[in-house]
Amino acid sequence: MKIPLRCQISEYDCGPTSLLNALSFLFEREEISPELIRNIMLYSLDCYGRGGTLGKRGTSRMAMMFLSNWLSDAGKTGIMPISSRYLAGDAVYAGDNSPVIDALRRGGAAVVRLNFDGDHYVLLTGEKNGQVYLFDPYYLPDGFADVDVKSDDKHPGEYNRIVPFARFNSETAAPYAFGNTAEREAVIIFNTRTMMTAENTIEYFI
């Protein structure tokens, strides 16, 4: 059974929440190993805030890279049918030749770092006609007021925002912009049983 995606419970846990949402989006609840949940929480929230408080600057790029590699190894050892790939820099953009968009078109998901009043992680779950469907774990009771961004509360298991490619590709500090190319990152995740490949689909290549 699939379950609704969830919101972060503090100002800081967007990273682990988005990784856990990726599991909920890609897998049935009964398929998800508690070992993955444990390790996502164990190795995230590793940045120190002002005054030396652990976790009050969220999750680092190093932790995301480590967790991406660990998830990939978990798939190889048979813990779950999962694969993961870490991307950084100019590999992270929205467009027809983008590894991120390619993953969404093949049934995968992507946890990405972008701007939302500072660094923020969200989960990308789909794309259509130059628009990306994403779940932002930061709860806003009245939605998001922006003419280029659509809020949607009718698909709790998939997305709550629809954002155009151009917004993601912006190097400004606009909400949902990937921002400075050198600082971009994404974790692409697949359920290897459901991912579309050359062997199991023709439509993808048409």
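Note: the structure precedes this text.
One structure accompanies this document, and this report is about it. Quick caveat: nothing in here was measured; it's all calculated off a predicted structure.

For the rest of this paragraph, the subject is the packing of helix α2 (residues 34-43) against helix α3 (residues 61-76). With their axes 10 Å apart at the nearest point, α2 and α3 run at an angle of 165° to one another. Taken as axis vectors, α2 and α3 run roughly antiparallel relative to one another. Note on packing geometry: the crossing formed by α2 with α3 is right-handed. Here Glu 35, Leu 36, Asn 39, Ile 40 and Tyr 43 of α2 come into contact with α3, specifically with Ala 63, Phe 66, Leu 67, Trp 70, Leu 71 and Ala 74. Classifying every residue of the contact of α2 with α3 by side-chain character gives 9 nonpolar, 1 polar and 1 charged.

Taking burial as the measure, the 10 residues of strand β3 (residues 119-128) include 7 buried ones, the bulk of the element. The pairing of strand β2 (residues 109-115) with β3 spans 6 bridges and is antiparallel. Bridge pairing links Val 111 to Leu 123 in β3. Between β2 and β3, which follow one another and run antiparallel, lie 3 residues, and Asp 117 among them has a positive phi close to 60°. Here β3 runs beside strand β4 (residues 131-135); their pairing, made up of 5 bridges, is antiparallel.

What counts, and where the lines are drawn
Residues numbered from 1 in each chain as written. Predicted model: local features only at pLDDT ≥ 70, side-chain atom pairs only at ≥ 80, totals over all residues. Heavy atoms only, no water. Axes fitted to C-alpha atoms, helices over the stretch in contact; angles between N-to-C directions. Helix = DSSP H or I, 4+ residues; strand = E, 2+ residues; numbered from the N terminus. Parallel < 35°, antiparallel > 145°, perpendicular 65-115°, else oblique. Left-handed = near helix turned anticlockwise from the far one by under 90°. Contact = heavy atoms within 4.5 Å. Nonpolar A, V, L, I, M, F, W, Y, C, P; charged D, E, K, R; others polar. Buried < 20%, exposed > 50% of the residue type's maximum accessible area, 1.4 Å probe, protein only. Pairing = 2+ DSSP bridges.

Keep in mind these values describe shape, not function.
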